[in-house]
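Coordinate analysis (summary)
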Amino acid sequence: AEVDGLVTHQSTEGSCVMHHCGFQRCAHTAVAQNKSSLKVRFLFWMLVAGLLLVALVLSRYSQRSAPSFAGWQHEELVAIKKSPCSNLGHNCNKTKCCKAAGTRCFEKEKGWAACKNECVPGPDPTDLYPSPWRCTPLGPRTPGHYAWPPPPKVHPWVHMKCSKTLENCMQTQCCQNAGVACFRKNSSWASCKTICSDGPDPTDADNLHWKCKQLGGRTPGTAPPPATAEWVSKLCAAKSENCLSSGCCRDPGHTCFQKNTTFAKCLHMCAKGIHLDDLDNWKNWTCKQLGGRTPGPVLTPKPQKLAPWIKDHCADLHENCALSKCCKDANMQCFEQQPGHARCLYKCLANHTQFSHHHQCAIEAKGNTSEDCRYSGKTWTCRELGPRTLRSWGWPSLFCTHVMRLYSYEVNIVKSQLQQDENFRGGIFACDQYAVYASDTASGTFLGSGPYGPVRTRWFKSAPVWRSEANTAANTLLFMNFWEAVRWDLQYKCCHWTIKADPDAVVLPDRLRGVLSRRMGSTNFITTCNKNFQFALMFGATEAISTHGLERYFSNENACRSLPWQTWGEDKWMSICLQHLGVAPVFDGGLVGDNQCYGVDCRNHHHSAYHPFKDPKSWMRCYRTAIR
């Protein structure tokens with residue numbers, strides 16, 4: 001440019017055209033154009049980044065605003081886990097969710113809500129303040145089972161503001177006494193009760209009908225049992241009478257349940273559908289409760305009395321029971337295969353391919369190619385249609401129990417028994433009545449399905465166990481608690497004998513009946529081992545106590561607690577205790593083949609029980625050997 005004067009300079013940053021200009025002027029122009037280009041490129045990339053960010057936000061919003069129905073519950077659970085949900089006792093008004101399983105956020109008033117298992121509008125005696133709750137749910141319930149906490153304390157305002165048992169609680173809507181809540185009877189009267197059912201209440205002052213509505217929370221604690229009103233014996237129906245007009249029952253422990261528009265009967269409990277003991281016909285029961293339960297003890301189980309119409313109306317094993325909803329054969333339950341098709345089975349596994357065939361196919365030879373046994377690709381729904389036809393009881397009748405530890409080898413032995421078919425005659429589930437007790441979980445644990453349906457453990461209070469003087473388990477205190485649970489369950493009253501068997505003992509109830517039938521009519525128990533002892537003992541592997549003997553123990557248990565039981569095993573303590581109370585011991589050294597006493601041989605057919613067998617295979621092997 002300096003040389004020629006008129007030069008056009010081409011650069012990578014653009015054109016610099018100079019007409020009669022010097023080099024310095026052209027350089028300044030190029031720098032200015034370079035800065036302007038950088039600014040444009042910067043603004044361009046900022047715009048691109050902004051558009052990408054907007055697109056990303058819109059895509060996420062569209063996904064959240066239209067979740068699939070199948071994934072809705074999962075997304076909700078994930079949201080609950082990620083969000084800061086509230087603890088019990090904290091205000092959940094903002095979070096609207098709870099950390100504790102089985103709870104839900106309920107609103108009390110504007111600005112305050114709390115996590116509760118359930119909520120009834122009105123005053124809550126467990127609340128610090130007496131103002132009423134709206135109980136409006138503010139969010140979903142947290143999945144899981146609610147773990148009941150220790151009973152909360154009752155706040156001082158409850159005794160100052162709330163009503164007593166015999167007072168009208170219509171205005172206060174809360175109760176002073178423990179274990180009760182305020183229920184409305186009509187527009188002018190409400191009373192504090194433990195439970196309320198529409199219709200006449202046998203504990204009320206008159207027989208006028210209740211329209212039960214709970215008006216507030218329940219006061220923590222346990223209420224004493226209510227007394228039966230005087231008018232009940234005059235106005236209510238007996239067990240054999242139609243209670244449709246009265247709506248109440250004279251007999252303790254009974255409630256009036258409706259069958260249809262013309263008939264109702266006083267029963268302890270009622271299940272909708274046909275009743276196999278209904279002598280009238282096989283028409284369905286509605287089981288509508290027409291009044292309150294008459295106070296009194298819960299009735300113990302009794303043998304099922306089958307009506308004559310069952311032989312003609314109910315289904316055989318090979319027939320479709322979808323219409324009749326009942327089975328002729330003992331131990332059988334009508335299970336649905338698909339809508340309109342059902343079979344009488346002992347047990348059924350829902351959505352399992354083994355139950356895609358007919359019941360008989362499972363016991364026929366492998367490789368069956370008949371149409372009835374061909375797999376159709378459909379699994380059974382296993383919905384129960386109607387009641388189970390129960391087996392008849394033996395004589396003498398037996399109530400058999402296990403005391404087991406859920407986290408031990410014992411649970412597999414018990415479960416293996418429940419997996420057998422209807423022809424299995426070993427273990428406590430072949431007794432007329434049975435129960436499994438465990439101190440591990442208060443809510444009970446499902447073990448399997450037995451002759452009467454699902455089997456769950458029953459809880460009893462645990463206790464420490466140490467070494468006894470014989471270097472065995474000093475578990476007397478633990479079994480004191482077990483027998484106390486048996487006492488309050490009342491099931492033992494059903495039968496002539498109560499059998500306590502260890503899970504690792506192979507018990508044959510049919511043989512037990514033969515032996516015990518010769519010991520009837522006395523207040524007694526069976527001792528089974530007299531080896532190196534001062535007197536024969538009832539060894540704990542299999543204990544047999546008559547109902548009269550057990551009732552004497554329950555009536556005088558405190559007299560046995562003064563014995564020096566601390567270093568004894570439970571079987572020694574129970575043997576000495578029963579004799580101390582005047583229950584006669586009857587020795588039978590052949591009742592149990594026990595390796596802890598005279599030895600065990602499963603081929604000896606004179607024994608009624610064999611002990612010990614610590615795993616399911618050896619237990620079943622001994623059972624099959626013993627019944628040959």
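Residues numbered from 1 in each chain as written. Predicted model: local features only at pLDDT ≥ 70, side-chain atom pairs only at ≥ 80, totals over all residues. Heavy atoms only, no water.

**Some details on the sheet that holds strand β7 (residues 190-193)**
Backbone-to-backbone hydrogen bonds pair the strands of a sheet. The strands run either parallel or antiparallel. Here is the rule we go by: Strands were regarded as paired on the criterion that DSSP finds at least two bridges between them. Numbered from the N terminus, helices here are DSSP runs of H or I no shorter than four residues, and strands are runs of E no shorter than two.
The strand order across the open sheet built from 3 strands is β7-β6-β8, with neighbouring strands paired in antiparallel fashion. Every other strand in the sheet has two partners, leaving β7 and β8 (213-214) as the edge strands with one partner each. Alignment of strand β6 (residues 181-184) against β7, held across 4 bridges, turns out to be antiparallel. If you follow Cys 182 over to β7, its bridge partner there is Cys 192.

**Some thoughts on the confidence of the model for the protein**
Operational definition: Looking at any residue, its pLDDT shows the predictor's confidence there, from 0 to 100. In what follows, residue pairs with any heavy atoms lying within 4.5 Å of each other are defined as contacts.
Looking at the protein as a whole, the pLDDT averages 83, with 83% of positions reaching at least 70. Scored below 50 in pLDDT, residues 61-81 makes 6 contacts in the model with residues more than four places away or belonging to other chains. This model gives residues 356-369 a pLDDT under 50, and the stretch forms 21 contacts once residues within four places in sequence are excluded.

**Observations regarding the pattern of salt bridges**
Heads up, the condition is: Take a side-chain nitrogen of Lys or Arg and a carboxyl oxygen of Asp or Glu: if they are within 4 Å of each other, that pair is a salt bridge. Think of it in three bands: with a 1.4 Å probe and only protein chains considered, a residue is buried below 20% of the maximum accessible area for its type, exposed above 50%, and partly exposed in between.
One pass over the structure, following the stated rule, counts 23 salt bridges. Linking Asp 206 and Lys 185 is a salt bridge whose minimum nitrogen-to-oxygen distance equals 2.8 Å. Remark: Lys 185 occurs in the loop between β6 and β7 and Asp 206 occurs in the loop between β7 and β8; sequence separation between them is 21 residues. As a salt-bridge pair, Glu 241 and Arg 250 come within 4.0 Å of each other at their nearest N and O atoms. Accessibility expressed as a relative area gives 36% for Arg 250, which makes it partly exposed. One network of salt bridges, with partners in common, ties together Arg 425, Asp 432, Asp 510 and Arg 513.

**As for the packing of helix α7 (residues 476-489) against helix α9 (residues 547-555)**
For any two helices packed against each other, the geometry comes down to the angle between their axes and how far apart the axes lie. Counted only if it meets this: Axis angles are defined between N-to-C directions and span 0 to 180 degrees, where every axis is a line fitted to C-alpha atoms and, for a helix, only to the segment in contact. Put simply, angles under 35 degrees are roughly parallel, angles over 145 are roughly antiparallel, angles from 65 to 115 are roughly perpendicular, and the rest are oblique. Classification used: nonpolar for Ala, Val, Leu, Ile, Met, Phe, Trp, Tyr, Cys and Pro, charged for Asp, Glu, Lys and Arg, polar for all others including Gly.
The interhelical angle for the contact between α7 and α9, taken along N-to-C directions, is 110 degrees, at an axis separation of 11 Å. Compared by their axis directions, α7 and α9 come out roughly perpendicular. Here α7 contributes Trp 483, Val 486 and Arg 487 to the contact with α9, which in turn contributes Leu 550, Tyr 553 and Phe 554. Along the lines of polarity and charge, the residues of the contact of α7 with α9 split into 5 nonpolar, no polar and 1 charged.

**Section: helix α6 (residues 410-418)**
An α-helical turn contains 3.6 residues, so a residue and the one three or four places further along point in the same direction. Among the 9 residues in α6, 7 count as buried, and that is most of the element. Of the residues making up α6, those classed as buried are Glu 410, Val 411, Ile 413, Val 414, Ser 416, Gln 417 and Leu 418. As for α6, its buried residues are in contact with β14 (398-403), β16 (446-450), β17 (453-456) and α12 (616-626).

**Some thoughts on the packing of aromatic side chains**
Our working rule: Each pair of aromatic rings taken from Phe, Tyr and Trp, with Trp reduced to its six-membered ring, is defined by centres within 6.5 Å and is described as stacked if the planes are under 30 degrees apart, edge-to-face if over 60, and tilted in the remaining cases. Here, a charge over a ring is recorded when the distance from Lys NZ or Arg CZ to the ring centre is within 6 Å and its angle to the ring normal is within 35 degrees.
For the structure shown, the criterion picks out 14 aromatic pairs. When the centroid spacing of 6.3 Å and the interplanar angle of 40 degrees are considered together, the rings of Phe 424 and Trp 619 count as tilted. With Phe 424 in the loop between α6 and β15 (433-438) and Trp 619 in helix α12, this residue pair connects regions lying 195 residues apart in the sequence. The two residues Phe 424 and Trp 619 agree in class, both being buried. Look at Tyr 492 and Phe 554: their rings are 5.0 Å apart centre to centre, the planes differ by 65 degrees, and that puts the pair in the edge-to-face class. One end of the pair, Tyr 492, is in the loop between α7 and β21 (497-501); the other, Phe 554, is in helix α9, and 62 residues separate them in sequence. With a relative accessible area of 5%, Tyr 492 lands in the buried category. One aromatic cluster is present, formed by Tyr 437, Phe 460, Phe 479, Phe 482 and Trp 483 through successive ring pairs. A cation sits over an aromatic face here: Lys 116 above Trp 133, 4.6 Å from the ring centre. Note that Lys 193 overlies the ring of Trp 210, its terminal NZ or CZ placed 4.6 Å from the centroid.

**Considering unusual backbone geometry**
In the segment running from Trp 395 into Pro 396, the intervening peptide bond is cis, with an omega of -5 degrees. Checked against the element boundaries, Pro 396 lands in the loop between β13 (341-345) and β14. The phi angle at Lys 96 is positive, at roughly 60 degrees, despite the residue not being glycine. With respect to the helices and strands, Lys 96 occurs in the loop between α2 (69-82) and β3 (104-109). Unusually for a residue other than glycine, Asn 331 sits at a positive phi of about 75 degrees. With respect to the helices, strands and loops of the structure, Asn 331 is situated in the loop between α5 (310-313) and β12 (333-338).

**Remarks on the pairing of β7**
Looking along a regular strand, one sees side chains alternate from face to face of the sheet. The two faces of β7 match: Ala 190 and Cys 192 on one face and Ser 191 and Lys 193 on the other face are all buried. Hairpin geometry of β6 and β7 is characterised by an intervening segment of 5 residues between the two adjacent antiparallel strands.

**Brief notes about the state of the cysteines**
The criterion, for reference: Two cysteine sulfurs form a disulfide in these notes if their separation is within 2.5 Å.
Summed over the entire model, instances satisfying the criterion amount to 20 disulfides. A disulfide bridge connects Cys 249 with Cys 266, and the sulfur atoms are separated by 2.2 Å. With the S-S bond torsion at -100 degrees, the cross-link from Cys 249 to Cys 266 turns out left-handed. Taken together, the residues Cys 249 in the loop between α4 (232-235) and β9 (255-258) and Cys 266 in strand β10 (residues 264-267) connect sequence positions 17 residues apart. The burial state of Cys 249 is the same as that of Cys 266; both residues are buried. Put simply, Cys 348 and Cys 382 are joined by a disulfide, and their sulfur atoms are 1.9 Å apart. What sets the handedness of the Cys 348 and Cys 382 disulfide is the S-S torsion sign, and at about -60 degrees it is left-handed.

**Some details on the environment of Ser 522**
The residue Ser 522 is located in the loop between α8 (509-516) and β23 (524-527) in this model. Judged by relative accessible area, which is 37%, Ser 522 ranks as partly exposed.

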